[in-house]
Amino acid sequence: LESAAISGSGSDPIPEGILSTTGIGSVAGGPDGSAPTWDDLVALEREVGIDNALLGMLGYLTNTKVKAKLKTTKIDEGSGLFVWPQGANELNGYRVGVTNLVPSNLSKGSSSEILSAIIFGNWNDLFIGQWGGIEVLPNPYTKAKAGLIEMIVNTYADVLVLRPQSFAAKVDVQTA
């Protein structure tokens, strides 16, 4: 469900996630993507700000590959500061979450399935709805000869990006 909320395709029965939602802001690297920089973080914030959406529960979401790359990326040549400071739980003054559910197998140009994503936005504008609880149906018959019980689990949920302008993403982040 979390993976669908982040990058779901929107093809039935998969909900449409943030990265597939039309209208979110975009920050692009070069023809084959680019390494993440301080300027990229500021540009993501700018994309949301242009649409008057810099309010609510603002923050970044990315994966461990991007985090590792930002921890070794200097803000500039002279200060000795890194984009992701050691021990920090914030980026550019905003909260940041890290999960490997943010894709790291994206493609652009000749960079085939090696690019990652970073998302910035107002997380209050992402809705995940669930109804009917979780239905668990044990089936002791189908695999009875093997001494196993098959478990069928169903849940009913959907994802909605309430206001696409509340989010911006860079989906061509080089981390290698």
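Scroll up a little and you will see the structure.
These notes cover the structure that comes with them. Being a predicted model, the structure only gives us computed values, none of them experimental.

## A short note on the packing of aromatic side chains
Here is step 1 of the chain: If you walk through the whole model with that rule in mind, you get four aromatic pairs.
Here is step 2 of the chain: Judged by centre distance (5.0 Å) and plane angle (70 degrees), the rings of Tyr94 and Phe120 are edge-to-face. Separated by 26 residues along the polypeptide, Tyr94 in strand E4 (residues 94-98) and Phe120 in strand E6 (residues 111-122) bring together distant segments of the chain.
Here is step 3 of the chain: Note on Trp123 and Phe167: the rings are 5.1 Å apart at their centroids and 75 degrees apart in plane angle, and the pair reads as edge-to-face.

## Description of unusual backbone geometry
Here is step 1 of the chain: Cis rather than trans, the peptide bond between Asp12 and Pro13 has omega equal to 10 degrees.
Here is step 2 of the chain: Here Pro13 is to be found in the loop between helix H1 (2-7) and strand E1 (25-26).
Here is step 3 of the chain: With a phi close to 55 degrees, Asn52 is a non-glycine residue in the positive phi region.
Here is step 4 of the chain: Mapping Asn52 onto the fold places it in the loop between helix H2 (38-50) and strand E2 (58-62).
Here is step 5 of the chain: Phi angles above zero are rare outside glycine, and Asn92 is one such case at about 55 degrees.

## Focus: the pairing of strand E9 (residues 167-174)
Here is step 1 of the chain: Along E9, six of the eight residues are buried, which leaves the element largely enclosed by surrounding structure.
Here is step 2 of the chain: Relative to E9, E6 is paired through six bridges, and the arrangement is antiparallel. Looking at the pairing, Phe120 lines up with Ala168 of E9.

## Looking at the pattern of salt bridges
Here is step 1 of the chain: Per the counting criterion, the structure on display carries four salt bridges.
Here is step 2 of the chain: The salt bridge involving Asp172 is made with Lys108; its shortest N-O contact spans 2.7 Å. Here the residue Asp172 occupies a position in strand E9, and Lys108 occupies one in strand E5 (residues 106-108), the gap between them amounting to 64 residues.
Here is step 3 of the chain: The salt bridge partner of Asp172 is Lys170, with a shortest N-O separation of 3.8 Å. When sorted by exposure, Asp172 lands in the same class as Lys170, which is buried.

## Section: the nonpolar core
Here is step 1 of the chain: Judged by nonpolar contacts, the single largest core of 20 residues is most densely connected at Leu44, Tyr60, Leu70, Leu91, Ile118 and Phe120.
Here is step 2 of the chain: Looking at this core, the elements with two or more residues in it are H2, E2, helix H3 (64-71), E4, E6 and E9.
Here is step 3 of the chain: In contact with Leu44, other than residues within four places in its own chain, are Val27, Tyr60, Ile118, Phe120, Ala168, Ala169 and Lys170.
Here is step 4 of the chain: Listed in part, the 14 residues of the second largest apolar core include Ala5, Ile18, Val159 and Val161.

The rules we used
For every chain, the first residue of the written sequence is number 1, and numbering continues from 1 onward in sequence order. Residues qualify for local features only when their pLDDT is at least 70, as the model is predicted, and side-chain atom pairs are given and counted only at 80 or more; totals for whole chains, interfaces and linings, by contrast, use all residues. Values shown for side chains rest on all heavy atoms present in the structure; no hydrogens or waters enter the calculation. Each aromatic pair joins two rings of Phe, Tyr and Trp (for Trp, the six-membered one) with centres within 6.5 Å, and gets the label stacked for planes under 30 degrees apart, edge-to-face for over 60, and tilted for any other angle. Strands here are runs of E lasting at least two residues and helices are runs of H or I lasting at least four, both read from the DSSP assignment and numbered beginning at the N terminus. Throughout this description, buried means an accessible area under 20% of the type-specific maximum (1.4 Å probe, protein chains only), exposed means over 50%, and partly exposed covers the range between. Pairing between strands is defined by DSSP: at least two bridges between the two strands are required. Salt bridges are counted wherever a side-chain nitrogen of Lys or Arg sits within 4 Å of a carboxyl oxygen of Asp or Glu. In these notes, a set of buried Ala, Val, Leu, Ile, Met, Phe, Trp, Tyr and Cys residues joined through side-chain atoms within 4.5 Å is what counts as a nonpolar core. Only heavy atoms enter the contact rule, under which two residues are in contact if any of them lie within 4.5 Å.

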